[in-house]
Amino acid sequence: IRSTGDGRMEMKGNVGAQSGITRSGSNYSGNSFDDGYARLGTTRILMTNSDQESSSSGRRCYRAAAVCLGLLCVLLLAAITVLWIQFNNMTMERDQLQTSYTNLTKERDQLWTSYTSFNRERDQLHTSNASLAKEKDQLQTSYTNLNTEKDHLEVSYISLTKERDQLRTSYTRLTKERDQLQATSTNLTNEMGQLQKEKKALQKKVEEIGIYRLAAVCLGLLCVLLLTAIIVLWIKLTAERDQLQTSYTNLDNEKDQLQTRYTNLTNEKDQLQARYTNLTNEKDQLQTRYTNLDNEKAGLQRKLSELDEALNKPGWRYFSSSVYYISTEKKTWNESREDCLKRGADLVIITSREEQ
């Protein structure tokens, strides 16, 4: 038996020649019988080869379909990977925008609180300025008010120091949260890589088992579901990103406005502080003048007491804010002067008629 070029099989030789079967008186000889048997065998062999060719062509079709589905899965996996990376980037952007939104909200609240406190301080400083302007002559009252204002300024300084510490603490906490988010992002990336490895291993197992149709259907449904989920997530994240961007812009504008108000209030505070310093200096000057006047008053009271004592003594007379002692003794000029100095006075020279 040999194979021909067109895929058929031929049997060469006489198969039934050795059996020695002959028929007399008939047209059938051993050779013709052998030829018929050989043709029947050839027909059977041809039928078997056609079945093998149809089965091999079916296998080739299945293999081609499996290869196409594998390429489609690879392309879908690449697209899913790209979309997943974009999804992670958008998630990170959303988290960053949410964090910045939270920070701006906190800054806005803090600036508003500082704005309110500065308004209160400004009102207090205006009140204290007015009270100091009105009660400038009353030194003791103004001194008490200035002490009160000093306490308020110390309290505001302490509150500003606490707010600064709180801002530093919140900044440290946000830095730690950012590091934690980066660590979780790294962990998610590693888990995604492991899942992709497991998926590839499962694909290899499915290929080894040979469930091509079921795997193709499942992969097609999975790809459709993944594409649908990715489109929905993309739309949702785009909307959320736009909303967060809008809120971020609004908060940024509010932050700028509050920063401008804060700067204006800081300038007003500096001006009020300068006026407070000037008033404090004026108060110190008035206190110094008050002390000097008090000393002069004490000196005048002392002189007045001395004058009272001198007036109560015999021989002393008061005239035109001065006290005179008229002596009846006769002495020289030097002796008279020494006597006046001993009495705490001085020898006078009379130059006017009224005094005389």
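Nothing here was measured: the structure is a model prediction, and the numbers come from that model. Positions within a chain are numbered from 1, following the residues in the order the chain's sequence is written. In keeping with the predicted nature of the model, local features appear solely for residues at pLDDT of at least 70, side-chain atom pairs appear and are counted solely at 80 or more, and the whole-chain, interface and lining totals rest on all residues. Processing note: side-chain calculations cover all non-hydrogen atoms of the structure and skip hydrogens and water entirely.

Comments concerning the layout of surface pockets
Where empty space is left can be seen by rolling a probe of water-molecule size over the atoms.
So, step 1. Two kinds of site are reported from a 1 Å grid over the protein atoms alone, namely cavities, where a 1.4 Å probe fits but cannot get out, and pockets, open sets with protein on both sides within 12 Å along at least five of seven lines, and residues are called lining when an atom falls within 4 Å of a point. Grid points are joined across faces, edges and corners, and a volume is the space filled by probe spheres set on the points. As a volume, the largest pocket reaches approximately 1100 Å³.
So, step 2. Lining the largest pocket are 39 residues, and of these T99, S100, N103, L174 and T175 sit closest to its centre.
So, step 3. Asp, Glu, Lys and Arg are counted as charged, while Ala, Val, Leu, Ile, Met, Phe, Trp, Tyr, Cys and Pro are counted as nonpolar; the rest, among them Gly, fall into the polar class. In terms of residue class, the lining of the largest pocket is made up of 12 nonpolar, 19 polar and 8 charged.
So, step 4. When its volume is computed, the second largest pocket comes out at roughly 880 Å³.
So, step 5. In terms of lining, the second largest pocket is formed by 28 residues, of which the most central are W316, V323, Y324, Y325 and A345.
So, step 6. By the criteria applied, helices consist of DSSP H or I runs no shorter than four residues and strands consist of E runs no shorter than two, each listed in order from the N terminus. Of all elements in the fold, only α3 (212-312), β3 (316-319), β4 (322-325) and α4 (333-342) reach the threshold of two or more residues within the lining of the second largest pocket.
So, step 7. Top element by residues in the lining of the second largest pocket is α3. It accounts for 5 residues.
So, step 8. Counted by class, the lining of the second largest pocket contains 13 nonpolar, 3 polar and 12 charged residues.

Details of the nonpolar core
So, step 1. Membership of the largest hydrophobic core is limited to 7 residues, which are L125, L132, L146, L153, L272, Y276 and L279.
So, step 2. Of all the secondary structure elements, the ones that give two or more residues to this core are α1 (30-134), α2 (139-209) and α3.
So, step 3. Looking at this core, the element that brings in the most residues is α3, giving 3 residues.
So, step 4. In contact with Y276, other than residues within four places in its own chain, are L146, E149, K150 and L153. Nonpolar cores are built from buried Ala, Val, Leu, Ile, Met, Phe, Trp, Tyr and Cys residues. Side-chain atoms within 4.5 Å join them into one set. Three labels apply to residues, based on accessible area from a 1.4 Å probe with only protein chains included: buried if under 20% of the type maximum, exposed if over 50%, partly exposed otherwise in between. Throughout, a residue-residue contact means that at least one pair of heavy atoms, one from each residue, lies within 4.5 Å.

Re the confidence of the model for the chain
So, step 1. Predictor confidence is given residue by residue as pLDDT, running from a minimum of 0 to a maximum of 100. Put simply, the chain has an average pLDDT of 77, and 82% of its residues get 70 or more.
So, step 2. Across residues 1-5, where pLDDT falls below 50, the model places 11 contacts with residues more than four positions away in sequence or in other chains.

A word on the pairing of β4
So, step 1. DSSP-based pairing: two strands are paired if at least 2 bridges between them are found. Taken together, the 4 bridges between β3 and β4 define a ladder with antiparallel strand orientation. Paired with R317 across the two strands is Y324, which belongs to β4.
So, step 2. Here β3 folds back onto β4 in antiparallel fashion, the turn holding 2 residues, of which S320 has a positive phi close to 50°.

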